Amino acid sequence: KNCLILALDVTDRENALRIANEVSEYVDSIKVGYPLVLGEGLGIVKELAELAPVIADFKVADIPNTDRLICEHVFNAGADAIITHGFTGRDSLDSCVKVAEEYDRDVYVVTEMSHPGGVEFFRPVAETIAQMAADAGATGVVAPATRPERVRDIRKIIGDDLHIISPGVGAQGGSAADVINAGADWVIVGRSIYNSNSPADAAMKICNEMKC
Ligand code: BMP
């Protein structure tokens, strides 16, 4: 285990495959979201899944039936996991967890976002969302590397059974080592790797820093 997830937010296939190939030995999964999928289509998921498990970051936030349809598409496309929002409520989350169980895949729930605005509305509900993720049988939660103290709080709520994946390292100011020490299982890193002259060196440095 490297404790590192690549956030592959480049928008074209050629760069995506080049960078994913370069860093594949250092990352445990590749997170793909709207920037790349809107640029290249959902087919890119299957191509990347040959290099590493793909986490589909669509921050699903809809009624249960629409959530179900989205999850089915994403898992049929070859994604290993999906990221959903939690604020849409337990029934919506249950819908994603049910599809994930049918496909034997993973669901991660956003508790509080890593950017400055992430405290405006998430702060009062983050703990409730974390507890809901645990109750619903999600695989884990997404919690901010920019606020390691919040990762520590969330870890206390969800216990050791759920995973914490944590974005906000590097470009957003968070430290990989600090958030791993606070209880995260993986850091999610995008720009510090894919904008580097040597993505492999950048990924290797982050792995060395975490010593995990
Ligand atoms: P970067 O390392 O370039 O800041 O990328 C972080 C990645 O994690 C982006 O894909 C972003 O959309 C995602 N993300 C985040 O930064 N904060 C969150 O709270 C949730 C996210 O999914």
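Quick note: structure is the one above.
Just so it is clear, the model here is predicted, and its values are computed rather than measured. (Residues numbered from 1 in each chain as written. Predicted model: local features only at pLDDT ≥ 70, side-chain atom pairs only at ≥ 80, totals over all residues. Heavy atoms only, no water.)

> Teacher, can you tell me more about the site of the ligand here?
Close to the ligand lie 13 residues; Asp-9, Lys-31, Lys-59, Ser-114 and Arg-191 are nearest. One of the side-chain nitrogen or oxygen atoms of Asp-9 is found 2.6 Å away from an oxygen atom of the ligand. Within the complex, 88% of the 480 Å² of free accessible area of the ligand lies under protein. Spatially, the ligand is embedded in the largest pocket. When the residues that make up the shell around the ligand are grouped by side-chain class, the tally is five nonpolar, three polar and five charged. (Near = heavy atom within 4 Å. Polar contact = N/O pair within 3.5 Å; in protein donor to acceptor, adjacent residues only side chain to side chain. Areas by Shrake-Rupley, 256 points an atom, 1.4 Å probe, with all protein chains shown as cover. 1 Å grid on protein atoms, 1.4 Å probe; cavity = no way out; pocket = protein on both sides within 12 Å on 5 of 7 lines; lining within 4 Å. Sits in = over half its atoms within 2 Å of the grid points. Nonpolar A, V, L, I, M, F, W, Y, C, P; charged D, E, K, R; others polar.)

> Sorry, what's going on with the state of the cysteines here?
A covalent bond between the sulfur atoms of two cysteines is referred to as a disulfide. Tallied over the entire structure, the rule returns one disulfide. A disulfide bridge connects Cys-3 with Cys-212, and the sulfur atoms are separated by 1.7 Å. A residue pair is termed long-range when its members are at least 10 positions apart, and Cys-3 in the segment before strand E1 (4–7) and Cys-212 in the segment after helix H10 (199–210) qualify at 209 residues. Looking at Cys-3, the relative accessible area reads 4%, which means it is buried. For the unlinked cysteine Cys-96, the closest cysteine sulfur is that of Cys-71, found at 3.2 Å. Looking at the unpaired Cys-207, the closest cysteine sulfur is the one in Cys-212, lying at 7.2 Å. (Disulfide = S-S within 2.5 Å. Helix = DSSP H or I, 4+ residues; strand = E, 2+ residues; numbered from the N terminus. Buried < 20%, exposed > 50% of the residue type's maximum accessible area, 1.4 Å probe, protein only.)

> In this structure, what is going on with the pattern of salt bridges? I would like to understand it.
Per the counting criterion, the structure on display carries 13 salt bridges. The partner of Glu-22 in a salt bridge is Arg-18, and the shortest N-O contact between them spans 3.2 Å. On the criterion of helical spacing, the pair formed by Glu-22 and Arg-18 is a turn pair, its members being four residues apart in helix H1 (residues 13–23). When the shortest N-O distance is used, the salt bridge between Asp-57 and Lys-31 registers 2.6 Å. (Salt bridge = Lys/Arg side-chain N within 4 Å of Asp/Glu carboxyl O.)

> Sorry if this is basic, but what is going on with the environment of Val-60 here?
Structurally, Val-60 is set in strand E3 (residues 54–60). Residues Val-60 and Thr-88 lie 28 residues apart in sequence; the distance between their C-alpha atoms is 9.0 Å. The residues touching Val-60, leaving out its near neighbours within four places in the chain, are Asp-67, Ile-70, Ile-82, Ile-83, Thr-84, His-85 and Cys-96. (Contact = heavy atoms within 4.5 Å.)

> Looking at this model, I keep getting lost on unusual backbone geometry. Mind explaining?
In terms of backbone geometry, most residues other than glycine have negative phi values and most peptide bonds are trans. Even without being glycine, Lys-59 reaches a positive phi, approximately 40°. Relative to the helices and strands, Lys-59 is located in strand E3. For Asp-104, which is not a glycine, the phi torsion comes out positive at approximately 60°. Within the secondary structure, Asp-104 is located in the loop between helix H5 (90–103) and strand E5 (106–110).

> Sorry, what's going on with the packing of helix H4 (residues 64–76) against H5 here?
Relative to each other, H4 and H5 sit at 30°, their axes nearing to 8 Å. The orientation of H4 with respect to H5, classified from their angle, is roughly parallel. Remark: the crossing between H4 and H5 carries right-handed chirality. Residues Pro-64, Asp-67, Arg-68, Cys-71, Glu-72, Phe-75 and Asn-76 of H4 touch H5, and the partners they reach there are Asp-91, Ser-92, Ser-95, Cys-96, Val-99, Ala-100 and Tyr-103. (Axes fitted to C-alpha atoms, helices over the stretch in contact; angles between N-to-C directions. Parallel < 35°, antiparallel > 145°, perpendicular 65-115°, else oblique. Left-handed = near helix turned anticlockwise from the far one by under 90°.)

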